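Observations on the three-dimensional arrangement
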Amino acid sequence: GKQKAKKGIRFKRFPPVLNIHLKRFEFDFMRDPPEQVKVNAHFEFSKTIDLSPFAKDAGEYTLHSVVVHSGDVNAGHYVAHVRPALAVDEDKWVKFDDEVVTFCNEYSAMQENFGGVDTVINNYFLDPKDKDRAYHCPPRTHSAYILVYVRTELIQQLLRPVDPEEINPQLVEKCRLAAKKQEERQRERLENQTTIKIRVVLERQLHGMLGFRDVSMIQQLTEDDEEVLKLQRTQTVLELREKIHSMLSKDGRPKLSDMALFVLGGQYSHQSTQFKPVVGHVGTKLSRYTPQYSMPHFDPNDPHLNVLALFSRAYDPKTLQLFSEAQRPSCLDPWDDKMTMLLVKYFCPEKQVLVTLGAYYIIKSQELSRMLCAPYPSGSAPDALPWVQTKLRPLVADGVIAPLTEGCNAVPVKFEEWMIFDEGEEKQAIRKKIRSTVAAEQLETGDTVVLQRAESEEPQIEENDPVKGPRYAQRTFAQFAARASSALDVRVLLHDSSEPHSLDGVAADGAYDDQSTSSLQSAEIVEREIKMDSRWTLGNVNTVLAHEFGLPSNQEIWLWYQLQNDVGPSGTPADPINVGYMDTQNEVTLGEVKKSFRLDKAAWTVHAVAVPPLPPKASIDNTFRHVCVRYFDSAVTEVANFILVVPWASLVSDLVEEVRKRMGDKIPSGLPLRVVEMSGGRQANVLDPAQTLSETGLARMANALHFCLRVEPAEQVEGEVLVPFSRADRLTGSVFGHPFLLSCPSKTTVGDLRKRVQDKLKVPDPVIQRWRLVKHDCGKTPLLKDEEVVEFVSDSRVCLEYPHPCPSRSSMVSRGAKALVISKPKK
């Protein structure tokens, strides 16, 4: 049988360092409900304790450290009081409070942390009546939590200075290497503040560079170049020129006067960079040309300048030697304001490639056609070709571009066979006149011009494929640039139109345990990556998506742009981006929608839902509308949903009959139904059957999946009132999830109310016992206990507070953290 017994722990011996844990936290079963609390009772401890009565050879222990906890069971802070020099000075206490370390006295370390209550001090001389007044002494929120004692006779041994090499030599070596690296990084940072790297770019490196103007491509030209200069920021432009000249010249050739320098810098905006001439007084400091923080080629860890060294055309760009000793090089130093340096590119329509030819300097008063007709000094005079044709010849030989036509190679040049554009920002193309001067075309040093053979500039559609979308012609650089700037990489997620209604990431699936269920976990989502063009009309987009997902060609598809928190279209109040253009979808382009919604990204994530198409012109005269109807059973579980195209003048009763027809035997014959208007889960209106749909709040909402109608059994006992219930976060009191209506007597006990909720939602006892019932009346929120009697008035509502937080905090906050309000049916 049962025997009396004692349970405990018996120590045979104590360790050299003894840690005593004071049980300051306990579970209080006397509270309702029981919960964890902090014990702030008074407990004194001494500097020394004698443990010899408790174990053999235990001896005396001396207090070394006191760990203090301040706060309560939910939040707090830890502070340590330590005697680090106990072996030398036993009265020296040090307080460690996070990163703050200070000296303290013995009272602050020990007596102050005994716990108990704080004494209230009153000045009886000011008010003698206070002498007889009883004052409440509040409990201290800070008290000792852990005590550390060390064996007295072992203090010298335990607290002696430790040799790190003896304890952990590997860690010491690791720390030494880390300190060395830190010193090197510090030295590099200091050096970067006073020096700057010079990355020299030559014209031969520009030749053959493909694509639009891109800073990263220019950066890559000098990444592997070992001959990188490093100069002090206080050095002058003259010293820079001399350094670059000495690095590139051989036997004094090219001369210093035959070279011009251009530094990569900003122009119109912080995203645009161009080569600008290094001009100014010879004593100008290099710090003047340091890239600004907003520049795309600014690198704080590797400050550098990209400098283009351009030599006279009398020199071969590959060897930097004169083509002919008889040639007289142009003097480029100092750079004249009457001169302009242009980066020249060529667009090949056959290969659809944009290639850089090089840098061309020209007087502003000269025509742009000069680069097409002025002989280039390479080779003998009779065979000399203009600069552009000379640069194109090796590219044709290598197959990079297609051969030129006879008109482009004709001598003299037929200028009508050529076109020229200015490559602007954001892949823009501005047509220029080839027989006009540089000054007249407002071209400046560093601008990029693009040459090509003459083609028709009509913005014609090359192929109007209804399946893959229109394909636009790219015969000119303007069309090529328009295609590049209009390209969109679209990730489309097709949601099932029957996806359950998701409120704050919670679906009405009958699950009421501590883990709420998101509608997206069970819904099937089909994903596609589609390349689109912002010049497509919304009709083109709809047709392409219908073919891509295997839908009928006349299928109407609603689109949402990049929904937050991975919620589906039913979980967001946002309107579809294309729902307002259904009757003009063959006129409105994707670019116009992009501009209207300020969608600047070139890569989109679009959520799509296929819905039944409206009759023609229905959205203009507003005769028909999409209405999403969701049928909920008596346990507040979504059983089915439909997207209906109904006349906007239909009655609510007509909608109920349509639901009965679609549900069939799933709705018992004669079961009364009611229609509840859901407005984001925050407000619900019980609709009058004789009310028209145009009189409801749906008239203002475009997202019918979110702002829907809920059809449910009309369970209300005669003489009872409908009380709105909603789920709430216990921490914040904010509502989330799907609300419901419950028929209750106007006066009942909380225990009966809890039983009614359990019977309706069909939740087990352990779950319903964890919920707290909070009644809201005129701003009051009393916590309801089972033995209390509660009385409901017209504006009463009840929240079921969960012990776990809302699954989608941001969605909950976006709803304004307002509780459910249910209005009376309109008469």
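Residues numbered from 1 in each chain as written. Predicted model: local features only at pLDDT ≥ 70, side-chain atom pairs only at ≥ 80, totals over all residues. Heavy atoms only, no water.

**Some details on the pairing of strand E27 (residues 603-611)**
Among the 9 residues of E27, 8 are classified as buried, and the element is accordingly described as predominantly covered. The sheet contact formed by strand E22 (residues 487-495) and E27 spans 7 bridges and is parallel. Bridge pairing in E27 links His495 to Val609. Sheet topology places strand E26 (residues 556-561) next to E27; 6 bridges connect them, and they run antiparallel. Bridge pairing in E27 links Leu559 to Ala608. (Buried < 20%, exposed > 50% of the residue type's maximum accessible area, 1.4 Å probe, protein only. Helix = DSSP H or I, 4+ residues; strand = E, 2+ residues; numbered from the N terminus. Pairing = 2+ DSSP bridges.)

**So, the side chain of Thr637**
Among the structural elements, Thr637 can be located in the loop between strand E28 (624-632) and strand E29 (638-647). Apart from the residues within four sequence positions on either side, Thr637 is in contact with Ala508, Asp509, Gly510, Tyr631 and Phe632. (Contact = heavy atoms within 4.5 Å.)

**Remarks on the sheet that holds E22**
Strands sit in the order E25-E22-E27-E26 across an open sheet of 4 strands; the sheet is mixed. Sheet topology places strand E25 (525-533) and E26 at the edges, where each strand pairs with a single neighbour. Across the sheet, the mean angle separating the axes of adjacent strands is 30 degrees when strand polarity is ignored. Across the sheet, helix H11 (residues 477-486) touches E22 and E25, and the angle it forms with E22 is around 35 degrees. (Axes fitted to C-alpha atoms, helices over the stretch in contact; angles between N-to-C directions.)

**Describing the confidence of the model for the protein chain**
Across the protein chain, the average pLDDT comes to 82, with 85% of residues at or above 70. Scored below 50 in pLDDT, residues 267-271 makes 10 contacts in the model with residues more than four places away or belonging to other chains. Confidence drops under a pLDDT of 50 for residues 515-522, and excluding neighbours within four residues, the segment shows 23 contacts in the predicted structure. (pLDDT = per-residue confidence, 0-100.)

**What about the pairing of strand E18 (residues 429-432)?**
By the bridge criterion, 4 bridges tie strand E17 (residues 418-423) to E18 in an arrangement that is antiparallel. Directly across from Ile420, in E18, lies its bridge partner Lys432.

**Some points on the sheet that holds E17**
Within the open sheet, the 5 strands sit side by side as E16-E15-E19-E17-E18. Their pairing is mixed. Edge strands, defined here as strands with exactly one partner in the open sheet, are strand E16 (353-363) and E18. On average, each strand axis in the sheet is tilted by 35 degrees relative to the strand beside it, whichever way the strands run. Here helix H9 (residues 387-397) sits on the sheet and contacts strand E15 (339-348), E16, E17 and strand E19 (448-453); the angle it forms with E16, its principal contact strand, is near 155 degrees.

**Looking at empty space enclosed by the protein**
As enumerated under the stated definition, the model contains 9 cavities of 30 Å³ or more in all. When its volume is computed, the largest cavity comes out at roughly 140 Å³. The wall of the largest cavity is formed by 16 residues, among which Glu203, Leu310, Phe311, Ser312 and Pro317 lie closest to the centre. For the lining of the largest cavity, the secondary-structure elements that each account for two or more residues are helix H5 (203-206), strand E14 (304-311) and E16. A per-element tally of the lining of the largest cavity places E14 first, with 3 residues. (1 Å grid on protein atoms, 1.4 Å probe; cavity = no way out; pocket = protein on both sides within 12 Å on 5 of 7 lines; lining within 4 Å. Points joined across faces, edges and corners; volume = space filled by probe spheres on them.)

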